Structures are given as structure tokens and as C-alpha cells.
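Take a look at the letters that make up each chain.
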Amino acid sequence: MSSPISFLSDFGTSDEFVGVVHGVLAKLAPESRVIDIGHGFPRGNVKTAALALTRGIQYLPEGVCLAVVDPGVGTSRRALAAETSWGFFVGPDNGLLSPAVAMVGGATRIISIENPEAMIPSPGETFHGRDVFAPAAALLATGEATLDELGPDISGEEVTPMLLPLTETKDGLVSGEAWWVDVFGNVQTNIAPEELAGVGVAPGQTVTVKVGSTIHTIPWVTSYGDVGEGETLLHVDSVGLIAIAVRGGRADDELNLAEGVSVSLAGRR
Amino acid sequence: MSSPISFLSDFGTSDEFVGVVHGVLAKLAPESRVIDIGHGFPRGNVKTAALALTRGIQYLPEGVCLAVVDPGVGTSRRALAAETSWGFFVGPDNGLLSPAVAMVGGATRIISIENPEAMIPSPGETFHGRDVFAPAAALLATGEATLDELGPDISGEEVTPMLLPLTETKDGLVSGEAWWVDVFGNVQTNIAPEELAGVGVAPGQTVTVKVGSTIHTIPWVTSYGDVGEGETLLHVDSVGLIAIAVRGGRADDELNLAEGVSVSLAGRR
Amino acid sequence: MSSPISFLSDFGTSDEFVGVVHGVLAKLAPESRVIDIGHGFPRGNVKTAALALTRGIQYLPEGVCLAVVDPGVGTSRRALAAETSWGFFVGPDNGLLSPAVAMVGGATRIISIENPEAMIPSPGETFHGRDVFAPAAALLATGEATLDELGPDISGEEVTPMLLPLTETKDGLVSGEAWWVDVFGNVQTNIAPEELAGVGVAPGQTVTVKVGSTIHTIPWVTSYGDVGEGETLLHVDSVGLIAIAVRGGRADDELNLAEGVSVSLAGRR
């Protein structure tokens, strides 16, 4: 019984890179189902892909997660395999896997993939996705290799973390940031509804939203349909975080928001 | 024996949305083969996706069709599951499924997906593709749920139709419209070859094509190779409809055509 | 036991074409795993797709390779199926398959797909991917058809070759060309490291690179990490060919290189 393998990368679709990794998986784990989490993430943007993986991991079948967004390829960063209660995570040691691993309860063990026998020899420069990560993922999925056989243990402290912005609550104000703008211009913040509740704001009320020096008052509703066309709303999005949207429009444009911009929320003043 | 699931959406490839739906299907229907019909359809364009589904449905393996193009998400439109001789169709009640369902002979039964036990609880706003449509598709594919268990019956008259343009024949003239321009600039009309035959035009003859106030005379040929490079041709395309093309060029530019523009065809005057 | 099918095209992702071919494969070869090599290759660019297939073929599971990049569709070019030690190749007779077939040792037999019983009848113009190539690939994958049943033998000399540029060594200079620029701006040449060794240049040395009338001196290193940020390097890439790259930058811009541009390499003068 071969585990499913969920595969994320920033390889895009204009060449054969994604296909070649699929080929390696099909050769080494012919019984494993492979799920593409996505390959169109912004190139080299580890944080954006890490957040996507964190949002998605609970919906993916337990097994092996293979993730490759790797601006440091060709340098000395390690190749990791982590064991968790969800299954195995395989990818570069650059923070990509860290939040998703934390999301499923943390790693019980982490190794550095170093055994050349578990890799595909390259005719030149190593293509890590094809030669290192895909074989490791396939061998773990089929059970043909254990972590011991892939490389030596490393401690969690040695692993590159993903430094995600924290929120702060002070004087009735929750300060966070826009940490994802989706293709529709909806802005997800890093603020949880519980934090807003902590400063006395409840669903159905109006929220004071501060972006730069501009203050907006926006209703906290359940759904897009609760406001009129073109109106701005605040809601708990499908990931469970406070998000700002414009029905039939783009909240990023409307509120001058982009990934990384600070946002503060409070009750009506 | 789990049925195959064919999946269409406008989610695009820049985030994890398609992957998360695949994850839900893999978890709930681990034995079902999933075929991606496509996820790059123009966002929120229900008609374009509905036509693509209609063109493709006869080539997809019988089983379950999961289609999500849903500009009305967050409003009160229903979630549908329809039973047909081809299999089940699952998607929003906005006309997306209607022409493909009609193409395979119509629905023998339609229900509104309302049973919360057949849905995945969301931490916030419902992501219908992930929380409602994918679980329903998977449960129908595995046979773990019947339509009865998903929700109450609704009548066909309650379902949102897709209003597709009709053709009209009058005074030896067939009037229709350009209803799809493919990536090469080929223009598919909604006119069938039988309609052109009905006004006395046969393959091999020259056709009078009127777009706006401009009249073109174009040969009705079998294949691109029947005209010279750069020349315009009229032919029955691979879907069985009259289409206008330019060999090695773009018919949309050449004839000033776009989706929805009126086109009239007649024999040579 | 149905063979895996690896599928390459230039169909893109904005319509249902890739999905329809997948549908035909799923109907006719329900047990075959299908691997997408990629569908975002530049439209109608046979050479680029042929090179990608050649780079990727050794990493794909043996079975059937279905490749469709077909600017001559609708003309009289043949549909081919070739038997090799790797498995079967199916696609248009325009050079697309030739280098990959050569890479796996050449064809032991080639036939022209002509048997209408092995095709899907089209309601109009033939969509070769859907109606001719996909059924042939599926029938070969399942073993339901032999080459004999698909069409008559043709000799290798009748098949359209892919004319790839050759390198030339003269007076201590290896002349070749840039034959692929990847999405990062890395430039793969058609020069093998053995050719550079043949003129006395070894890894670790500095290479004289001539592009047009400009001469660059570039270190031949093992990996990106061997040079500083923003510096140019020459290395053996993951395919085994000499490539020029800029760490953290674009070599195509830096050296004014594009696909097809001549490049000459020599030792330090």
C-alpha cells in the first residue's frame, strides 16, 4: 500500500519540470496517487507557498507532502524530510515546510537527506526536485526507505524557520497585516476572529479598519451576500481568518492593501 | 468500484484552490480517477465554461462531473446535484451545468445539496468547491451517499437555465452569432451545417458571410489544408459546428469578430 | 496491465482540449496512469517541445508517450506511432518525436496511423489529439491494438527529422548555439562538457565565451553557490549540457542571448 503524494512547486507550466518530477514519482512509486497542490506560486516566493501549504494541508490525504520552492538551490542549504502525525514532509530547508509541519502538530523527527543511494545521479548540476526530493518522497511513500536510510537526524533548532508576522493587541486595537491577497483581490489578514472578540467586537458589528493613516468602517458579516454590490465587508474567510473583501470588486485596490501592509482593527469608535 | 470524477473550474493555477479540491476528492474517493477538464476558464464566466463542458462531455468517462464557476458564491444560489444517463453532475445553480445536462439527454432527477452531514465544516466562510461540491461529488462517485441523502428534490423549472443564443433562418439567410473564439482566433458559430444546407448551401460552395455591414465571401471546405496560407475558410469544426478560420492567421482579427457578435450566412448572391 | 501514458502538448490551459484528451484516455485505457509532461509549451513551436521531450524522456516511466504540437494540423502530414526499447511514441510526423526517439536508441518500427477503426469519428474537422493520437496511445497502452492494426509500416527515411544545430570544433574553439532559455533566463547551449574538454578546458578554469563580437570570461564552476550574487557562471546543467547562468539574475539579458543565437567557447586566451 503506497501512500498518496501531494506535490507543490513554483515550477510553472511552460516547460517539462513538473512533468519530469511526476515521471520520477511514477517510476519509483507506481501505486501512489499524486495530487498537485499547485505549481503556479510566485517563483522563489517561499513565504507565499508556505502559507498556501499551511492553508491546504488539512484537506490533503495523509501520506507524503513534496514541496519545492527553492531560491537557494545550488547553495549549501539542506534537503529535509520530516516525520509528523500527518505523514512525511520533503523539501528544502528554507522555511517552506515549517508552518505546515507546525499546523499538523510539529515534527517527531527530522533528517537531512544525504544518502547518494537514495538520489538519482544527475548528468550535471543536481536538479533537486528531480534528483533528491522526488526520489525521497517516492521511497517514503512506498516504504522502500526509512528516514534512517535517507540521512542523519538533525534537531528542530537547526532547521530554518519561517518567520511569520505576529499580531499584537493593545489598547483595544488588534494590529496585524495583510498576508495574502487572492486573485480576486480579497485580502486575508493574519488576525483570527478570536482576537477581534478579545477587544469586544462581535460578528454583526461595525469594525474600524486602519490602513496607513486612513480609517474605514466596515461591517463584520457572514457572507458576501450580506452586503450590496460594490460594498466592502469584513468576514471570517474559508481558512478561518479575518479577511476584507468587496462584493463584486477588489478590496486590495479599494483599501490600498498589499501583502505585508499593516492593518489594525478595533470596535467602532 | 468508484466512478471517475471529471473536474472543471475557473480557479486558475496561482494558488492551492484546485489542489485542495483534489485533496478532498482523494480523501473521500481514494479509488476514483480524477480528470481535470480545465481550470483556466475566464473567471466568473459561466457561459464560456458551460459551452466548454458541453463540447467536452461526450469524451469524458461516465461517472461524476464536478463543475465550479461561481460568481454568485456567498449569495443564496443553490448547490445542485443532477442525475442523468451519463452520470451525476454537481455544481452551482447558475446555468453552468444546464447545457451539458441537456446534451446527455437531460436530468432524471435534481436535488439541492443541503444536508450538512454531507459537507465539510468550514472554519469560516464556506468555500463551496471544497466544502460542498467536492464532498458531494466524492460521495456520489463512491456510492456512499445517494441523492436522497444529499438534499431535497427540486423540479427542473426551479433550476437556473443557461440562455444560449438561438439561430434564425429567414429569406435564405441563417443568422447566428460567434459563440466561441479559441486561442488561435478561430471563430465557432452557433450554426449547424444542417442549417446552412437548409438554405441550399453545400460543402465546396462559397458562402456569403455578413458581419456588421461587411460582407465576406468564404469557401466552405473540409480542412485548413484546402486553402492557401493566409486565406479565410469556413468549415465544420471538431465539435460539429460551422466555424470561420484563417489558415496560419486569426479569423477574429480578420473579420472583426468576438464572442457574441452576430454573424449571418447565406449562399453566394 | 496497462502501460502509463506520458502526455505533452501545446494546448495550454484556457479551454477543455487537454481535458478532452484525458477523457479519451480514461475511457479507452481506464487502468493507465497518465503523466502530464506539460501543456504550456509555446504554441506551434515543434523544436522547443521536441527538446523538452528529449530532456525529459529518461525520467518518464516506460510505456507510451503521446505528444501533440502540430502547426500543420489539417494538412496532409502523417500521424505516427513508433516502437522503441522505451515503449511507444505517438504524434504528428513533423519532427516532434524524432530527437526523443533517437535519445532512447531509435525506432525499431514506425507506422502511419491510418485505420479509421482505431480513431474516434469526429462530427466535423478531425481534432487529431482527441480523435487520432489519443485513441492510438490508449490502444497501445492497453495492448488492445498492435502497430499492425493501426496502419502500414513506413521507413525511417520517410519520417520528418528534427534538424537540430550541430556544434563545430576548430582551432581550439567550440562553436554552438543557445538552444534553450529557461524561465529564469538560464541559457542552455548545445555544447557538451566533453567538447570543451576536447579543446583543453577543464572545470574550475575560466572560459572565453564569444557572443556576436563581445567576449566574456566566465568561470566554469560546479554550482551556483560557487560564485557571488549577480556573477555569471558556466556549468554543466541538470541535463548534462554546458549552460550559462547568472546567480540571482538572467544570463539571457546579461549576455544578450536568445534561442538560436551562436555561442563560441574556448580556453582563456
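As the structure is a computational prediction, the values presented were derived from the model and not from experiment. (Residues numbered from 1 in each chain as written. Chains lettered and ligands numbered in written order. Predicted model: local features only at pLDDT ≥ 70, side-chain atom pairs only at ≥ 80, totals over all residues. Heavy atoms only, no water.)

1. Here's the deal with the overall build of chain A
Piece 1. Scanning chain A from terminus to terminus reveals seven helices and 15 strands.
Piece 2. Projected onto its principal axes, the C-alpha coordinates of chain A cover approximately 65 × 35 × 35 Å.
Piece 3. Every one of the 269 residues in chain A was classed for burial, and the buried ones make up 58%.
Piece 4. The contacts of chain A with a sequence gap of at least 6 include a subset with a gap of at least 24, amounting to 64%.
Piece 5. Of the roughly 10,500 Å² of accessible surface on chain A, 51% is carried by carbon and sulfur atoms.
Piece 6. Across chain A, the centroid of the 15 positively charged side chains sits 6 Å from that of the 33 negatively charged ones. (Helix = DSSP H or I, 4+ residues; strand = E, 2+ residues; numbered from the N terminus. Buried < 20%, exposed > 50% of the residue type's maximum accessible area, 1.4 Å probe, protein only. Contact = heavy atoms within 4.5 Å. Areas by Shrake-Rupley, 256 points an atom, 1.4 Å probe, with all protein chains shown as cover. Lys, Arg positive; Asp, Glu negative; His and termini not counted. Charge placed at Lys NZ, Arg CZ, Asp CG, Glu CD.)

2. So, the interface of chain C and chain A
Piece 1. At the interface, 28 residues of chain C touch 30 residues of chain A.
Piece 2. Both sides of the chain C and chain A interface together cover about 2,200 Å² of buried area, and 58% of this is carbon and sulfur.
Piece 3. It is R33, Y59 and S238 of chain C in chain C that bury the most area against chain A; as a group they hold 32% of the surface buried on that side.
Piece 4. The interface formed by chain C and chain A contains one salt bridge.
Piece 5. Residue R55 of chain C pairs with E16 of chain A through a salt bridge whose shortest N-O separation is 2.6 Å.
Piece 6. Here chain C is connected to chain A by 13 residue pairs in polar contact (both at pLDDT 80 or more).
Piece 7. For the side of chain C that touches chain A, the secondary structure elements donating two or more residues are β2 (34-38), α2 (46-56) and β13 (232-236) of chain C.
Piece 8. Broken down by element, the side of chain C that touches chain A gets its largest block of residues, four residues, from β2 of chain C.
Piece 9. Residue composition of the side of chain C that touches chain A, by class: 13 nonpolar, ten polar and five charged. (Buried area = accessible area lost by both parts, 1.4 Å probe. Salt bridge = Lys/Arg side-chain N within 4 Å of Asp/Glu carboxyl O. Polar contact = N/O pair within 3.5 Å; in protein donor to acceptor, adjacent residues only side chain to side chain. Nonpolar A, V, L, I, M, F, W, Y, C, P; charged D, E, K, R; others polar.)

3. Section: the packing of aromatic side chains
Given two aromatic rings, their pairing is described by the distance between the two centres and the angle made by the two planes.
Piece 1. Applying the stated criterion to the full structure yields 18 aromatic pairs over all chains.
Piece 2. Measuring from ring centre to ring centre gives 6.4 Å for F7 of chain A and F11 of chain A, while their planes differ by 70 degrees; the resulting arrangement is edge-to-face. An identical accessibility class is assigned to F7 of chain A and F11 of chain A; each is buried.
Piece 3. An angle of 85 degrees between the planes, with centres 6.0 Å apart, marks the rings of W180 of chain B and F17 of chain C as edge-to-face. Highlighted residues: W180 of chain B in strand β9 (residues 173-181) and F17 of chain C in helix α1 (residues 17-28), drawn from two different chains. In terms of burial, W180 of chain B and F17 of chain C fall into one category: buried.
Piece 4. Among the aromatic residues, those joined into a cluster by ring pairs are F7, F11, F17 and F127 of chain A together with W180 of chain C.
Piece 5. Above the plane of the ring of F184 of chain C lies R43 of chain A, whose end atom (NZ or CZ) is 5.0 Å from the centre. (Phe/Tyr/Trp six-rings, centres within 6.5 Å; stacked < 30°, edge-to-face > 60°. Lys NZ or Arg CZ within 6 Å of the ring centre and 35° of its normal.)

4. A word on the side chain of S264 of chain C
Piece 1. Tracing the backbone shows S264 of chain C in strand β15 (residues 262-267).
Piece 2. Side-chain polar atoms of S264 of chain C contact the side chain of S175 of chain C, separated by 3.4 Å.

5. Remarks on the interface of chain A and chain B
Piece 1. At the interface, 28 residues of chain A touch 31 residues of chain B.
Piece 2. Across the interface of chain A and chain B, roughly 2,200 Å² is buried in total on both sides, 57% from carbon and sulfur atoms.
Piece 3. Taken as a group, R33, Y59 and S238 of chain A account for 32% of the area that chain A buries against chain B, more than any other trio of residues on that side.
Piece 4. The interface formed by chain A and chain B contains 13 residue pairs in polar contact (both at pLDDT 80 or more).
Piece 5. For the side of chain A that touches chain B, the secondary structure elements donating two or more residues are β2 (34-38), α2 (46-56) and β13 (232-236) of chain A.
Piece 6. Looking at side-chain class alone, the side of chain A that touches chain B contains 13 nonpolar, ten polar and five charged residues.

6. What about the relation of the copies chain A and chain B?
Piece 1. The two copies are related by a screw motion: chain A maps onto chain B through a turn of 120 degrees and a shift of 0.0 Å along the axis, at an RMSD of 0.0 Å. The superposition of one copy onto the other is thereby described by a three-fold rotation axis. (Least-squares fit on C-alpha atoms with pLDDT ≥ 70 in both.)

Read these as geometric descriptors, not functional statements.
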